Amino acid sequence: MALRWYSTVVESHDHRALVAWWAEALGWTVTYESDDEVALVPPWADELGGRLPFEQVPPGLVFVPVEHPKTGKNRLHLDLAPHTSDDREAEIARLLSIGATRADVGQGPEVTWEVLADPDGNEFCVLSSRDE
């Protein structure tokens, strides 16, 4: 038996606005939208989905509306990494220009990642550049 990481669910006060932000941030595609949820997947998921084994189809992000406010630091967050051929600082500046904010979750000054938050306050990290 093989389980597939199908999606990560993100709660939001305005799930449509937040999915639009993440679509721009990641370059991903909205594949489903309703009043109850919006699904976002990488563009290659549709391209490769029919050719990959079930457990290798990439996961997506699902955004759902909630009434309660976010309180405290996320217990789960996304780590994003630019490729070594990309300018990491320019990527961080791009994310900030579209609405991300810098976040302090106690990471200290000597870490190799930058903690940011999306417009709803959900923290994520931009790691050092990677080849793989």
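Refer to the structure printed above.
A few points on the structure. Since the model is a prediction, treat every value here as computed from it, not as a measurement.

Moving on, we come to the overall build of the protein. Assigned secondary structure in the protein consists of three helices and eight strands. On C-alpha atoms alone, the protein measures out to a radius of gyration of 16 Å, which is about the 14 Å that the 2.2 N^0.38 rule sets for 132 residues. Looking at the protein as a whole, 33% of its 132 residues qualify as buried. The long-range share in the protein, meaning contacts at least 24 apart out of those at least 6 apart in sequence, stands at 58%. Working note: accessible area of the protein is about 8,400 Å², and carbon and sulfur atoms make up 52% of it.

Turning next to the packing of aromatic side chains. Scanning the model with the defined rule gives four aromatic pairs in all. For the pair W21 and W22, a centre-to-centre distance of 5.0 Å together with 85° between the ring planes defines the contact as edge-to-face. Classification of W21 as buried rests on a relative accessible area of 6%. Aromatic pair W28 and W44: ring centres 6.5 Å apart, planes at 85°, arrangement edge-to-face. Here W28 is found in the loop between α1 (15–26) and β2 (29–33), whereas its partner W44 is found in helix α2 (residues 43–49), with 16 residues between them in sequence. Taken together, the ring pairs in this structure connect W21, W22 and F124 into an aromatic cluster. Taking NZ or CZ as reference, R4 lies 5.3 Å from the ring centre of F54, over its face.

Within the largest apolar cluster, 18 residues are counted, with the highest numbers of intra-cluster contacts made by W21, W22, L40, F63, L95, L116 and F124. Listing elements by their share of this core, those giving two or more residues are α1, β3 (38–41), β4 (60–65), α3 (88–97) and β8 (123–126). Looking at this core, the element that brings in the most residues is α1, giving six residues. Those residues in contact with F63 that lie beyond four places of it in its chain are V10, H15, L18, V19, W22, D36, E37, V38 and L40. Core analysis: the next-biggest nonpolar cluster, separate from the first, contains five residues, V115, A117, C125 and L127 among them.

Rules behind the numbers
- Residues numbered from 1 in each chain as written.
- Predicted model: local features only at pLDDT ≥ 70, side-chain atom pairs only at ≥ 80, totals over all residues.
- Heavy atoms only, no water.
- Helix = DSSP H or I, 4+ residues; strand = E, 2+ residues; numbered from the N terminus.
- Rg over C-alpha atoms; globule rule 2.2 N^0.38 Å.
- Buried < 20%, exposed > 50% of the residue type's maximum accessible area, 1.4 Å probe, protein only.
- Contact = heavy atoms within 4.5 Å.
- Areas by Shrake-Rupley, 256 points an atom, 1.4 Å probe, with all protein chains shown as cover.
- Phe/Tyr/Trp six-rings, centres within 6.5 Å; stacked < 30°, edge-to-face > 60°.
- Lys NZ or Arg CZ within 6 Å of the ring centre and 35° of its normal.
- Core = buried A, V, L, I, M, F, W, Y, C linked by side-chain atoms within 4.5 Å.

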